[in-house]
Amino acid sequence: MYWYALIFNSFEVHTGKEADQDHGLAHRVVKDLLQPHHYTGLRVYMDNFYTGVPLLRDLTSVGICACGTVRSNSKFLPTELLPKRVQLEKHEQKSAQADGLTFVVWQDTKPVCVLFNFHDPSHHGTVLRRSGREEQQQVDITCGCKSK
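Residues numbered from 1 in each chain as written. Predicted model: local features only at pLDDT ≥ 70, side-chain atom pairs only at ≥ 80, totals over all residues. Heavy atoms only, no water.

Just checking my understanding: could you explain the packing of aromatic side chains for this structure?
When we look at a pair of aromatic rings, we describe it by the centre distance and by the angle of the planes. Evaluated as defined, the whole model comprises two aromatic pairs. Ring centres 6.0 Å apart and planes at 70 degrees place the aromatic pair Tyr45 and Phe118 in the edge-to-face group. Of the two residues, Tyr45 is situated in strand β1 (residues 43–46) and Phe118 in the loop between β5 (111–116) and β6 (124–129); the sequence distance between them amounts to 73 residues. On the basis of relative accessibility, which here comes to 47%, the residue Tyr45 falls in the partly exposed class. The class for Phe118 is buried, based on a relative accessible area of 4%. Summarising the aromatic geometry, the rings of Phe49 and Tyr50 are spaced 5.0 Å apart at their centres and angled 85 degrees between planes, so their arrangement reads as edge-to-face. (Phe/Tyr/Trp six-rings, centres within 6.5 Å; stacked < 30°, edge-to-face > 60°. Helix = DSSP H or I, 4+ residues; strand = E, 2+ residues; numbered from the N terminus. Buried < 20%, exposed > 50% of the residue type's maximum accessible area, 1.4 Å probe, protein only.)

As structure tokens, then:
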């Protein structure tokens, strides 16, 4: 609910590429929207258009927790865990940590890549999956299921 208030109370018109842009548009938009919330412990969840290592590092440095799916071709991800290099069984996952960020690749129907800066990767949890059946079954997962 808080995230929706944030979106509707912050507004900026995109007028084209800016000269002093170190990162892409998505990075700048997220940082601009979250600027009033530095050091509040706000938790932000985003999709793969916005998520990237530089953005999560920047958000970590200003006390904002972030989690999101990430495209496997994004820069600065651990290459040994990318879906092209690692073959996982269905519902298997692998993870890597560096500089306070955790990257997880989880095999569902397709590989799902997630990047976050505040979940504890040692916790376990369950998700409900159909896996080709009519009834859902519980699947045990580790990594990022429960926050610190």
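For this particular structure, what's the right way to read the pattern of salt bridges?
This model, assessed by the stated rule, comprises three salt bridges. Among the ionic pairs, Asp58 bridges to Lys31, the shortest N-O distance being 3.6 Å. One end of the pair, Asp58, is in helix α3 (residues 53–61); the other, Lys31, is in helix α2 (residues 25–34), with 27 residues separating them in the sequence. Judged by relative accessible area, which is 23%, Asp58 ranks as partly exposed. Ionic pairing is found between Arg57 and Asp99, a salt bridge with its closest N-O pair at 3.4 Å. Of this pair, Arg57 sits in helix α3 while Asp99 sits in the loop between β3 (93–98) and β4 (101–107), and the two are 42 residues apart along the sequence. Of the residues examined, Arg57 reaches a relative accessible area of 38% and is grouped as partly exposed. What makes Asp99 exposed here is its relative accessible area of 63%. (Salt bridge = Lys/Arg side-chain N within 4 Å of Asp/Glu carboxyl O.)

How do you make sense of the pairing of strand β2 (residues 65–69) when you look at a structure like this?
Regular strands have side chains that alternate between both faces of the sheet. Among the five residues that make up β2, four are buried, leaving the element largely enclosed by the rest of the structure. Judged from the four bridges that link them, β1 and β2 form a sheet pairing that is parallel. Opposite Met46, over in β2, you have Gly68 as the bridge partner. Crossover handedness for the path β1 to α3 to β2: right-handed. In this sheet, β5 lies alongside β2 in antiparallel orientation, the contact comprising three bridges. Each bridged residue has a counterpart across the sheet, and for Thr69 the counterpart in β5 is Val114. (Pairing = 2+ DSSP bridges. Right-handed = clockwise from strand over helix to strand, strands pointing away.)

Would you mind showing me how to read the side chain of Gln107 here?
Its location among the elements puts Gln107 in strand β4. Residue classification places Gln107 among the buried residues on the basis of a relative accessible area of 15%. When near neighbours in sequence (up to four residues on either side) are disregarded, Gln107 contacts Leu88, Glu89, Lys90, His91 and Glu92. (Contact = heavy atoms within 4.5 Å.)

Scope: geometric values only; no functional claims are made or implied.
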